[in-house]
Each structure stands twice: as structure tokens, then as C-alpha cells.
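Chain and residue survey
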Amino acid sequence: MQKLTLPAPAKLNLWLHIIGRRPDGYHELETVFQFLEHGDELSFALRDDGQVRLHTEIDSVPHDSNLIVRAARKLQEQSGTHLGADIWLTKVLPMGGGIGGGSSDAATTLLALDHLWQLGWDEDRLASLGLSLGADVPVFVRGHAAFAQGVGEQLTPVDPEEPWYVVLVPQVSVSTVEIFSHPQLTRDSLPLKMRPVPEGNSRNDCQPVVEQSYPEVRNALNSLGKFTEARLTGTGSCVFGAFPSKAEADKVLALLSETQTGFVAKGSNVSMLHRKLQSLIKKSSA
Ligand SMILES: C[C@](O)(CO)[C@H](O)COP(=O)(O)OP(=O)(O)OC[C@H]1O[C@@H](n2ccc(N)nc2=O)[C@H](O)[C@@H]1O
Ligand SMILES: Nc1ncnc2c1ncn2[C@@H]1O[C@H](COP(=O)(O)OP(=O)(O)OP(=O)(O)O)[C@@H](O)[C@H]1O
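Within each chain, residues carry numbers counting from 1 in the order of the written sequence. Numbering of ligands from 1 and lettering of chains from A proceed in the order in which they are written. Only residues with pLDDT of at least 70 get local features here, since the model is predicted, and only at 80 or more are side-chain atom pairs given and counted; chain-wide, interface and lining totals rely on the full set of residues. Only hydrogens and water are set aside; all other atoms, that is, all heavy atoms of the structure, feed into the side-chain values.

Per an unreviewed UniProt entry, the protein chain is named 4-diphosphocytidyl-2-C-methyl-D-erythritol kinase, and its organism is Pseudomonas taiwanensis. Quoted verbatim from the Sequence similarities (unreviewed entry) heading of the UniProt record, the comment on the protein chain is "Belongs to the GHMP kinase family. IspE subfamily." UniProt positions are given in the numbering used here, feature names are shortened, and annotations may be inferred rather than shown by experiment.

Some points on the site of ligand 2
Near ligand 2, the surroundings consist of 21 residues, among which Asn66, Leu67, Gly100, Gly102 and Asp136 are the closest. Whenever two N or O atoms come within 3.5 Å, that pair is a polar contact, provided that in protein one can donate a hydrogen and the other can accept it, and provided that, for residues adjacent in sequence, both atoms are side-chain atoms. Contacts to ligand 2 include Gly100, whose backbone N or O atom sits 2.9 Å from an oxygen atom. Within the side chain of Asp105, a nitrogen or oxygen atom sits 3.0 Å from a nitrogen atom of ligand 2. Against a free-state accessible area of 610 Å², the protein chains account for coverage of 80% of ligand 2. Strands are runs of DSSP state E lasting at least 2 residues, helices are runs of H or I lasting at least 4, and numbering of each runs from the N terminus. When residues of the shell around ligand 2 are traced back to their parent elements, those giving at least two are helix H1 (67–79) and helix H2 (101–116). Think of it this way: one heavy atom of a residue within 4 Å of a molecule or strand is enough to make that residue near it. Only the protein chains shown count as covering a residue, and every accessible area follows the Shrake-Rupley method with a 1.4 Å probe.

A look at the pattern of salt bridges
The rule for a salt bridge is simple: a side-chain nitrogen of Lys or Arg has to be within 4 Å of a carboxyl oxygen of Asp or Glu. This model, assessed by the stated rule, comprises 14 salt bridges. Arg142 serves as the salt-bridge partner of Glu123, at 3.3 Å between the closest nitrogen and oxygen. Of this pair, Glu123 sits in helix H3 (residues 123–131) while Arg142 sits in helix H4 (residues 137–142), and the two are 19 residues apart along the sequence. Here Arg142 and Asp124 are joined by a salt bridge, their closest N and O atoms 3.0 Å apart.

Some thoughts on the site of ligand 1
The local shell around ligand 1 holds 18 residues, among which Lys11, Asn13, His27, Ala135 and Asp136 are the closest. Separating an oxygen atom of ligand 1 from a side-chain N or O atom of Lys11 is a distance of 3.2 Å. Between ligand 1 and Asp136 there is a distance of 2.7 Å, counted from an oxygen atom to a side-chain nitrogen or oxygen. Against a free-state accessible area of 640 Å², the protein chains account for coverage of 81% of ligand 1. Looking at the shell around ligand 1, the elements with two or more residues in it are strand S1 (4–21), strand S2 (27–47) and helix H5 (176–180). Here the shell around ligand 1 is composed, by residue class, of 8 nonpolar, 8 polar and 2 charged. Classification used: nonpolar for Ala, Val, Leu, Ile, Met, Phe, Trp, Tyr, Cys and Pro, charged for Asp, Glu, Lys and Arg, polar for all others including Gly.

Here's the deal with the side chain of Ser189
Looking at the element boundaries, Ser189 is found in the loop between H5 and helix H6 (207–213). Given a relative accessible area of 7%, Ser189 falls into the buried group. Within the structure, the side chain of Ser189 is placed 2.8 Å from the side chain of Arg203, a separation counted as a polar contact. Within the structure, the side chain of Ser189 is placed 2.7 Å from the side chain of Asp205, a separation counted as a polar contact. Beyond its immediate sequence surroundings of up to four residues, Ser189 is in contact with His17, Ile18, Ile19, Arg203 and Asp205. Any residue under 20% of the maximum accessible area for its type is buried, any over 50% is exposed, and the rest in between are partly exposed; the area is computed with a 1.4 Å probe on protein chains only. Working rule for contacts: check all heavy atoms of both residues, and any pair within 4.5 Å makes them a contact.

Dropping the structure here:
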């Protein structure tokens, strides 16, 4: 049986402004997404009996609630295919880390199954199905670093620098819902007027309330902040800082390793998922 194995990279929000709240409670954001060369890995094999089976359990997420299974079943329903899939997951990304692990797994599933089931869906259709699973899914479907508006689904490609990042992973899981419903969250940042969009230098509006509620996150920001500007990604818990080389990033992580857990990864404007898919398509058409 042939397996299709694909990565599900993490993302960073290089900055994030909350500019308002919609009547349905969702927040309107402006943010810049960039991918990391670091992520989960998923393998897929075709089933002809229509079943979707994820063979890897993850703690506290029941099989049918896993975003991978939900993505596969939605695609199946909407495309009307009679095919199914066996799926295996190597979970590397922390959950509730603000680096989009669940959303990226869902996007990889959509692209993999579109390929395996030979549906021929275009990116717009896959991204809009993705949005119904989570606000962060569309950027992973499209696979290019982006300035995002709306709830994160209106994407304009951007090409920020691609430094090496130290990402610290405080040992707490931050609930996105909790942060977005926090009474002290700033929700009135002004929409950007300038173009081109600034890529790195701004702030994350979620950071003050996350720091207040999670001392582990504040500690991580303070520790990394001794070496470079340190910032929260998404609603946390992860914090990141940029370095010009892998050697410098490795050195800082090693210096912090007594008190902090984390990893070093390169920023990337084209997702490693899309690079791998393109090389597969090239090979199969050669
Ligand atoms: C914080 C970010 O990671 C920034 O990229 C995303 O906006 C969150 O994206 P996500 O994890 O895919 O979030 P979803 O699963 O869509 O939403 C989880 C919950 O967060 C809140 N939520 C999410 C996104 C958004 N723009 N406004 C919100 O208020 C809603 O209460 C929602 O029920
Ligand atoms: N395949 C999956 N991987 C991780 N979490 C999943 C998955 N499927 C469902 N979940 C649920 O989604 C929640 C959020 O997971 P995720 O890893 O996307 O968090 P996150 O990095 O904070 O996301 P974001 O940056 O999108 O807010 C988890 O706590 C878990 O309950």
C-alpha cells in the first residue's frame, strides 16, 4: 500500500492587531503570518470503503473531534466521493501554542486528500472549506506568507525576511476562546493605512492579557527578551524572537535551556507543505 507523507508546518503571527468585534463574536484582525520549517507530519493511504480512520491518538482530543478527521469528512461530504483514507500523525507541535498545529494538520489533510481522491478542487474552494474548520486554516491551505484581514481569511501574500527563530514553548496551553473573551483585551487598534504592510515591527494585542493570566508566558518573554525582541504568536502560549543565523539562535536556546523549553526553526514564506506537493506533482508528470 502506497502512503502519501506530507508535512504540516507551524506558523507565527509576526504581529497581530485586533481592530474590532463582529456581531457573531469573532474578532476582526490584521496580522502577518509566516511559516516555520518545523511541524507535524501526516501520512495518508487510500481506502475504497469510504471510511476515514486516524490511527494516532492525541491526548484529550477524541477521534471524531480531531481537526484531521473533521477536515477529511467535510471534504468527503462536499465532494461526494466514495473514497476514504487511513491517516497517521506524528505530532511535534505543541497544542494551544498559537503556532497553528491543529489548523495546519487540517490544511495538510485537505490538500493531501484532494490529491489522493483526485478531486481537482482549486485553492479558493479548499480555503473556504478550511475556514469553516478554523480561522487559521486558509493561510495553511494557500501556503504563502500573508497579511491577513477579516478573521484571518482575507489574505494578501507578503515576503518578509526569513530569519532563524527561537520559539519558546511555555508549559501551558492557552485557550484561544478564553483570550478572545477576556474583558481587558484591546479591540480597537486602528486599521492599517500604510502600504506596504509592515512585516515585523509592531505588537500582538493579545500579549498583555496572556502575560497577565499566564506567568509562564511572561517568564518566557522576559528570558528571550534579554537577547532580542520577544513576542507572543497568536493567543500564545509560544513566544518567539528572530536571529540572523542558526548558530546564534542555537546559542541562545542553549543558554536558556535550564529554564525554558523550545526549538529553533527557520522562517519561510513558502510553506514546506506546498514545496513538497509541487515536487510530487512534478515527479508524477515527468
Ligand atoms: C489567534 C489566531 O491564531 C491568529 O492567527 C487565530 O485568530 C485563531 O484561529 P483558530 O485557532 O483557527 O481559531 P478558531 O478555531 O477559528 O476559533 C476559536 C475561537 O476563538 C475566537 N476567535 C477566533 C478567531 C477570531 N478572529 N476571533 C475570535 O474571536 C472565537 O471565540 C472562536 O470560537
Ligand atoms: N490535529 C490536532 N492537533 C492539535 N489540536 C487539535 C487537533 N485536532 C483538534 N485539536 C484541538 O484544537 C485545539 C487547538 O489546537 P492547536 O494546536 O491548533 O492550537 P493553537 O496552536 O493554539 O492554534 P491557533 O494558533 O490556531 O490558535 C487543541 O487544544 C485541541 O483540543
